[in-house]
Amino acid sequence: MTRALFITTETADCGNHIAAWDAVASSPAKRITFDHAALNNAWTFADEARIENPDVIFYIGAFQGRGNPNLGDFRNLRKVAPLVHLCSDSGDEPWHPVLKHYYRGSCFDLQVGIDGPLEAPVDLAVVTPVDFRAWEGPELDRDIRCGFSGGFAGRGDRWMIIGTLAATKHVTVRLRAHDYPEHVRFMRRCKMTINVSNTGSGAFHHLKGRAVEAGWAKSALIELTESPASHWFPKGSFIPYGGVTDAFKIIENASDEQIDDTAAMLHEFVRRRCHPAVIYGEILDRIKVKNDLVYPVARPAA
């Protein structure tokens, strides 16, 4: 069985990525957490990793922080097992110098953008792995016509689009905290889920985990036309929009048949093509580590 070790910050999304691995692995992953804003203790990671004796190490870190491992720490980890960098904001330009710095320092066996980037200095681009188990269970009443779960305060297109739609009551908003089960429950109540694909800097677009989660939630995804969704998802599996005015019209006029068909197509696609066994399996294949992950559906052809 393939043993994995995750070295991550303490953010909630990191735990979700680990849960996605655990959903398809023969044994649960081990985890080392660190505070990227605290003093650096990453020199201990290699010794801790040797004790765990993993077949692969996944690293998920912050853009910057004095607690991040240095180049030597990464190289020491590579002596223990193949080291993979999972970056959820690789499509955002501010991350690019960091990713290139890691390349120059020979830090990783593989750098992976898990935000579906079309242009990023990574070895492999994939979509966000999601723990499908959280999205299973009896169907809930779809009592929310269009919803958004997540943060949008501050500035930029996300604030403008979601804020405007919420103010006119076209979108029901749940401000996402660290309660993932409630986030899941909310999205499973939504007939449609709207997403804003802007990166943190606001200057670029990537495929957020929320877009993949909409598929697992069986909720029709409304996604910006600038999003790389059209690269990853088949035509008809989401509803593109060009801005607030488009979103108004879609939310008001989409028929039940269009909503149901769109949601069903995306659900079937993510179930087969965006399954965590597919995503993590491709990573293991790239670094030539045994891939014994469990595919609960037919493994897609190469």
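Here's a quick rundown of the structure. (Residues numbered from 1 in each chain as written. Predicted model: local features only at pLDDT ≥ 70, side-chain atom pairs only at ≥ 80, totals over all residues. Heavy atoms only, no water.)

A short note on the overall build of the chain
And then number 1: Across its full length, the chain carries eleven helices and eleven strands.
And then number 2: On the principal axes, the C-alpha backbone points of the chain span a range of 60 × 40 × 30 Å.
And then number 3: Counting across all 302 residues of the chain, residues that qualify as buried make up 53%.
And then number 4: Once local pairs closer than 6 in sequence are excluded, the contacts in the chain between residues at least 24 apart make up 71%.
And then number 5: Carbon and sulfur atoms form 51% of the exposed surface of the chain, whose accessible area is close to 13,600 Å².
And then number 6: Mean positive and mean negative side-chain charge positions of the chain (34 and 37 charges, respectively) differ by 2 Å. (Helix = DSSP H or I, 4+ residues; strand = E, 2+ residues; numbered from the N terminus. Buried < 20%, exposed > 50% of the residue type's maximum accessible area, 1.4 Å probe, protein only. Contact = heavy atoms within 4.5 Å. Areas by Shrake-Rupley, 256 points an atom, 1.4 Å probe, with all protein chains shown as cover. Lys, Arg positive; Asp, Glu negative; His and termini not counted. Charge placed at Lys NZ, Arg CZ, Asp CG, Glu CD.)

Quick notes on the environment of Ala125
And then number 1: Relative to the elements of secondary structure, Ala125 occurs in strand 6 (residues 124-125).
And then number 2: Residue classification places Ala125 among the partly exposed residues on the basis of a relative accessible area of 25%.
And then number 3: Taking the C-alpha atoms as reference points, Ala125 and Ile114, eleven residues apart in sequence, are found 6.2 Å from one another.
And then number 4: Sequence-distant contacts of Ala125, defined by excluding residues within four places in its chain, comprise Gly113, Pro117 and Trp232.

With respect to the sheet that holds strand 8 (residues 172-174)
And then number 1: Read from one edge to the other, the open sheet built from five strands follows the order 8-7-9-10-11, with strand pairing classed as parallel. Edge strands, defined here as strands with exactly one partner in the open sheet, are strand 8 and strand 11 (239-241). Neighbouring strand axes in the sheet, compared pairwise and without regard to direction, differ in orientation by 30 degrees on average.
And then number 2: Where strand 10 (residues 220-224) meets strand 11, three bridges bridge the pair, whose relative direction is parallel. Across the sheet, residue Ile222 finds its bridge partner in strand 11, namely Ile239.
And then number 3: With respect to the sheet, helix 6 (residues 180-188) is in contact with strand 7 (144-149), strand 8 and strand 9 (190-194), its orientation differing from that of strand 7 by roughly 150 degrees. (Pairing = 2+ DSSP bridges. Axes fitted to C-alpha atoms, helices over the stretch in contact; angles between N-to-C directions.)

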